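Each chain, written out:
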Amino acid sequence: MKNHVWRPLLVALGLVAFILLLRVILVPDDFGIHDRGYMYGWYRSSNVQEWKNVTVKYHGSKGCQECHEENYQEVIASPHADIQCENCHGPRGEHPDNPEKLSIDRDRALCLRCHQHLPYPESARGKLPAIEGDKHHAGEVCVSCHNPHDPTQEVK
Amino acid sequence: MKRRDFCKKSLLLAGGLVLPLSALELFNPARLLAERSVPGDSRWIFLVDTHKCTGCGFCVKACKLENEVPYDANVTRTWVERYVVTKDGNTHIDSPKGARDGFLTAQIDNNHAGMKTIPEDEISKAFFVPKLCNQCDNPPCVQVCPVGATYQTADGVSLVDRKWCIGCGYCIMGCPYGVRFFHPVHHVAEKCNFCYHRITQGLKSACVDACPFGARMIGNLRDPNDPVTQVIMTQRVNVLKEEYGTKPQVFYLGLTREVK
Amino acid sequence: MVHGEFWTLKEFFVYPNEYIYWSIQIVMYPFMTGLVAGAFVLSSLYHVFGVKQLKDIARFSLVFSFALLPVAMMPLLMHLMQPLRGIEVMLTPHFTSAIAAFGIVFTTYGMIVAGEIWFVYRKFFVESALALRAQSNRSAFDTLRLRLYTVLTLGAWDISEHALETDEKAVKVLASIGIPVACFLHGYAGFIFGSVKANALWMTPLMPVIFICSAVVSGIALCILTYVGSMELRKFLYARKRSQNPALPSNEELKSVETSVVIMTSKYLVMFLILAISLELLDLIFRTYTAVKSWDILRAVIYEIDFVKIFVVQYGLGNLVPFILLLLPGLTVRRAVLATVFVLIGVFMMRWNVVIGGQAFSGSFSGFMHYSLPIIPHNLETFREGLLGALLVIITPYILFVGLANILPVFGEGKED
């Protein structure tokens, strides 16, 4: 080791030691091999809880029933029974606290998602009642004639 | 001289010790060969019934809002593809904005190649195929992450650590299904995670709830009474791109040869 | 716009999340590391195999290889969406990923090159430090230089015959280790692409070998080119100094040395060119013959969309033309320079055709993506992943080299090594 030849190697080892020191400082303690082994389970374990903590925005129609019983019952008894309230009105979030009101989207495009005629008779799409969006009362609002909560009923 | 030698040697020894202790974590063969499939009480799987999908796109809208992927951004955790097969044997496929707004026209959106009108009488069949992350058992995206920012949990969902991802994009290139993308706000890799925050508290994924036609279902492979498990055990289901060896856990009813 | 949307044009059916995510900087990265590896191999031809005529160019290419090293990291830092987290590759490497190898291989290689440079220049550091120390009234700048050279000696002041012989042996050892490491440095870059089963164009076991060969090709070509450039510069400088110092070699002497070095090095260039093109053609022939599922879309990309880029520029201009130029009898320096310029264009095009070509088609095999390089940036993203970002990467090694050449004597005055 007295030979000067080993000096660069010492510098190199010093660099490696520095990187390992950095590792101790910068890498979170819970980073390691978890669950599925090194290939699929090399991660920071506290991240899992971070994902579980994401806020739920959509709460489902049952949650709307409590305050909007009438609308709820109307929809449940109609051909639109399987459509969630939040599909058209947006996610409930913490309504009525935040947001105070949910949107009522009267745009034709909303209804045309299902009811725009597409010439696919054999598919599930073909079974839905449909219109030509640019021909059937083009430019008008669908809900001025059709009740979205119960499309079998006329709009009063 | 002896003292100097002693000092030098002990310094080297101390310095050398710093190395192996942290390396042990990696090179313990037992850990390396740990169970590939961890036994537990949950393994999330998904079922898509393409016979039921109408292409309404409510699933895509719900996913974007539930998971805070900007609505106007041209990326999405899930999407629906439309297949129109014509009598001359050609297959026309499109997915305008991932079907975020549904399919509002019969014209096929060929991106820069324009809109293609297909005469009604030339259509021999047409159907819709929803797609999402397959949460593969052998996820190639997890394999190629250089820093351990993406991983798979014991219950089979692959997640991305937003605080650790360096944004190299290798996982995006590594996914054969095109499911991953860069989140336009967080600037890290992003993908569908079955709404992990919902399913771990007994709710269903947002897309499952939003689908009015029951084309999407989520279930637990380890529960033999789970309706999804029963379907895949008893009915003829298929998966996407099986030849890649990824072992995808999203199963399809009605998946035909045209589907890419 | 999402990342990649600005420079990607989709045609027919492309998965909604697909864009050209790996663009110009990912083309630059293997190009720059290729130059590094190639420059080093050239330097090693002298140190390891004792090819005496390459002495001058060996010293030069060693230092240039060191100037290229930090630049090899630049495209990656410019590409990452979170560049400040780049260090994580060293902190929590996931070795199932080829990119994680970057941390180890790159650092090892850097240390080898740095070590070799130290051994080559140690005598110079010691002599410079001693000379500066002997100066009675030093300027502040000179004191700085004294400090620098003192540190660079790493405390090894012995420049006896024996010590210098030990230095030479060490250089030989490092150069020998360095060659396989340089191959690994570039082989793993090829593995990054070759192992991606999701990409039909990239997936081939030949990819690492193709990358290594074309890296060596590019390194040798660049060294010939820069060597000739530096000789021209020397001729110019000597012409001005000759009136004061008639002992300086004449233009004729310089020219004959230069020509023999260039001709010798060109032979190696031709060898590796043959190897590189054989592998590429082999890959193409196999794909054509086996015609697997992806072949329809790949055929459209290779023979229609990218035909000019692949066959005219990469194979024609980058391989065939240099062959002809270098193999025709009576090779002159001028012809060799022309050949090396074409070779470098060809190697760059190869990186482009792999990286961009691999994203020219959708994973659906039913659509295409067209790439347009951002020229005038309108935001940070189009600067980083645009023409200006690429030019910055190309220019930096020359800036660094000029800096290094001020500290280390790069052009052998004939007496020292």
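Our structure is the block above this text.
Residues numbered from 1 in each chain as written. Chains lettered and ligands numbered in written order. Predicted model: local features only at pLDDT ≥ 70, side-chain atom pairs only at ≥ 80, totals over all residues. Heavy atoms only, no water.

Caption draft 1: The arrangement of the interface of chain C and chain A in detail. With 20 residues of chain C at the interface, the matching set in chain A holds 17 residues. Approximately 1,600 Å² of surface area, both sides summed, lies buried where chain C meets chain A, with 78% of it carried by carbon and sulfur atoms. The tally of links from chain C across to chain A stands at zero salt bridges. One can count 11 residue pairs in polar contact (both at pLDDT 80 or more) joining chain C with chain A. Taken together, the elements giving at least two residues each to the side of chain C that touches chain A come down to helix H3 (88-91), helix H4 (98-134) and helix H6 (161-194) of chain C. (Contact = heavy atoms within 4.5 Å. Buried area = accessible area lost by both parts, 1.4 Å probe. Salt bridge = Lys/Arg side-chain N within 4 Å of Asp/Glu carboxyl O. Polar contact = N/O pair within 3.5 Å; in protein donor to acceptor, adjacent residues only side chain to side chain. Helix = DSSP H or I, 4+ residues; strand = E, 2+ residues; numbered from the N terminus.)

Caption draft 2: Inspection of the nonpolar core at higher detail. Ranked by size, the top nonpolar core spans 170 residues in total, and within it Tyr170 of chain B together with Trp22, Tyr109, Phe193 and Leu269 of chain C carry the most contacts. When residues of this core are assigned to their parent elements, the largest contribution, 17 residues, is made by H4 of chain C. When sequence neighbours within four positions are dropped, the list of residues in contact with Phe193 of chain C reads Trp22, Ile26, Trp202, Met203, Met207, Phe211, Val354 and Val355 of chain C. Among the nonpolar cores identified, the runner-up in size contains 50 residues, and Ile108, Leu159, Tyr177 and Val208 of chain B belong to it. (Core = buried A, V, L, I, M, F, W, Y, C linked by side-chain atoms within 4.5 Å. Buried < 20%, exposed > 50% of the residue type's maximum accessible area, 1.4 Å probe, protein only.)

Caption draft 3: Region of interest: the packing of aromatic side chains. Taken as a whole and judged by the stated rule, the model has 32 aromatic pairs over all chains. Considering the side-chain rings of Phe103 of chain B and Phe128 of chain B, the 5.0 Å spacing of their centres and the 50° angle between planes classify their relative orientation as tilted. Of this pair, Phe103 of chain B sits in the loop between strand E3 (91-94) and strand E4 (108-109) while Phe128 of chain B sits in strand E6 (residues 123-131), and the two are 25 residues apart along the sequence. Assigned by exposure class, Phe103 of chain B and Phe128 of chain B land together as buried. Among the aromatic residues, those joined into a cluster by ring pairs are Tyr170 of chain B together with Trp22, Phe193, Trp202 and Phe211 of chain C. Over the face of the ring belonging to Tyr71 of chain B we find Lys64 of chain B, whose NZ or CZ atom lies 6.0 Å from the ring centre. (Phe/Tyr/Trp six-rings, centres within 6.5 Å; stacked < 30°, edge-to-face > 60°. Lys NZ or Arg CZ within 6 Å of the ring centre and 35° of its normal.)

Caption draft 4: Quick peek at the interface of chain A and chain B. Taken together, the contacts link 48 residues of chain A with 71 residues of chain B. Across the interface of chain A and chain B, roughly 5,300 Å² is buried in total on both sides, 61% from carbon and sulfur atoms. When the buried surface of chain A facing chain B is broken down by residue, Arg36, Trp51 and Arg113 of chain A rank first, second and third, together holding 17% of it. Summed over the shared surface of chain A and chain B, the number is four salt bridges. Lys57 of chain A is paired through a salt bridge with Glu68 of chain B; the nearest N and O atoms lie 2.7 Å apart. Between the two partners, chain A and chain B, sit 21 residue pairs in polar contact (both at pLDDT 80 or more).

Caption draft 5: Molecular detail of a negative patch on the surface. A cluster of acidic side chains, namely Glu132 and Asp134 of chain A together with Asp88, Glu120, Asp121 and Glu122 of chain B, defines a negative patch on the protein surface. Mapped onto the elements, Asp134 of chain A comes out in the segment after helix H7 (108-115). Asp134 of chain A sits in the exposed class, given a relative accessible area of 59%. (Patch = residues over 30% accessible without salt bridge, like charges linked within 9 Å, V, L, I, M, F, W, Y side chains within 5 Å. Areas by Shrake-Rupley, 256 points an atom, 1.4 Å probe, with all protein chains shown as cover. Lys, Arg positive; Asp, Glu negative; His and termini not counted. Charge placed at Lys NZ, Arg CZ, Asp CG, Glu CD.)

Caption draft 6: How the structure looks around unusual backbone geometry. Residues and elements named next belong to chain A. Along the chain, His95 connects to Pro96 via a cis peptide bond; the corresponding omega equals 10°. Looking at where Pro96 falls in the secondary structure, it is placed in the loop between helix H6 (85-89) and H7. Of note, the amide linkage connecting Asn98 to Pro99 takes the cis form, showing an omega dihedral of 10°. Note on placement: Pro99 falls in the loop between H6 and H7.

Caption draft 7: Layout of the sheet that holds E3 of chain B. All names here are of chain B. Spatially, E3-E2-E6 is the arrangement adopted by the three strands of the open sheet, whose pairing is antiparallel. Lying at the two open borders of the sheet, with one neighbouring strand each, are E3 and E6. Taking the axes of each pair of neighbouring strands and ignoring which way they run, one obtains an average angle of 15° across the sheet. Note that strand E2 (residues 79-86) and E6 share eight bridges and pair antiparallel. Residue pairing across strands places Val80 opposite Pro130, the latter belonging to E6. (Pairing = 2+ DSSP bridges. Axes fitted to C-alpha atoms, helices over the stretch in contact; angles between N-to-C directions.)

Caption draft 8: Broad picture of the environment of Thr92 of chain C. Inspection of the secondary structure puts Thr92 of chain C in the loop between H3 and H4. With residues near it in sequence (within four places) discarded, Thr92 of chain C still touches Val27, Phe31 and Trp42 of chain A together with Pro146, Val147, Gly148 and Trp164 of chain B.

Caption draft 9: Local environment of the pattern of salt bridges. Overall, the coordinates contain 24 salt bridges over all chains when judged by the stated rule. One salt bridge connects Arg82 of chain B with Asp94 of chain B, and the closest N-O pair in it is separated by 2.8 Å. You can see Arg82 of chain B sitting in strand E2 and its partner Asp94 of chain B sitting in strand E3, a full 12 residues away along the chain. The buried category is assigned to Arg82 of chain B, whose relative accessible area is 1%. For Lys235 of chain C, the salt bridge is made with Glu232 of chain C, and the minimal N-O distance between the two is 3.0 Å. Remark: Glu232 of chain C and Lys235 of chain C occur in helix H7 (residues 207-241); sequence separation between them is three residues, near one turn of the helix. With relative accessibility at 40%, the residue Glu232 of chain C sits in the partly exposed group. Each of the salt bridges in this network shares a partner with another, and the network as a whole consists of Arg44 and Glu50 of chain A together with Asp161 and Lys163 of chain B.

Caption draft 10: Quick look at a nonpolar patch on the surface. A contiguous nonpolar surface patch, about 680 Å² in accessible area, is contributed by Leu15, Phe18, Leu21, Val24, Ile25 and Leu26 of chain A together with Ile87 of chain C. Relative to the helices and strands, Leu26 of chain A resides in helix H1 (residues 7-26).

Caption draft 11: The sheet that holds strand E12 (residues 250-253) of chain B, seen in detail. Residue and element names in this part refer to chain B. Here we have three strands laid out as an open sheet, ordered E11-E1-E12, and mixed in their pairing. If you trace the sheet from one side to the other, it starts and ends with strand E11 (216-220) and E12, each paired once. Here the strands of the sheet are splayed against their neighbours by 25° on average, with no regard to which way each runs. Relative to E11, strand E1 (residues 44-49) runs antiparallel, the two being bridged by five bridges. If you follow Ile45 over to E11, its bridge partner there is Gly219.

Caption draft 12: The arrangement of the packing of H4 of chain C against H6 of chain C in detail. Residue and element names in this part refer to chain C. At a minimum axis distance of 8 Å, the contact between H4 and H6 shows a crossing angle of 155°. Relative to H6, the element H4 is oriented roughly antiparallel. As for how H4 packs across H6, the hand of that crossing is left-handed. Considering only residue class, the contact of H4 with H6 consists of 24 nonpolar, two polar and four charged. (Parallel < 35°, antiparallel > 145°, perpendicular 65-115°, else oblique. Left-handed = near helix turned anticlockwise from the far one by under 90°. Nonpolar A, V, L, I, M, F, W, Y, C, P; charged D, E, K, R; others polar.)

Caption draft 13: Quick peek at the pairing of E3 of chain B. All names here are of chain B. Pairing of E2 with E3 involves four bridges; the strand directions are antiparallel. Within E3, the position partnered with Tyr83 by the bridge is Ile93. Hairpin connection from E2 to E3: four residues lie between these consecutive antiparallel strands, with Gly89 at a positive phi of about 95°.

Caption draft 14: Quick peek at the pairing of E1 of chain B. Across the six residues of E1 of chain B, six count as buried, placing the element largely inside the fold. Across the two faces of E1 of chain B the burial is the same, with Trp44, Phe46 and Val48 of chain B and Ile45, Leu47 and Asp49 of chain B all buried.

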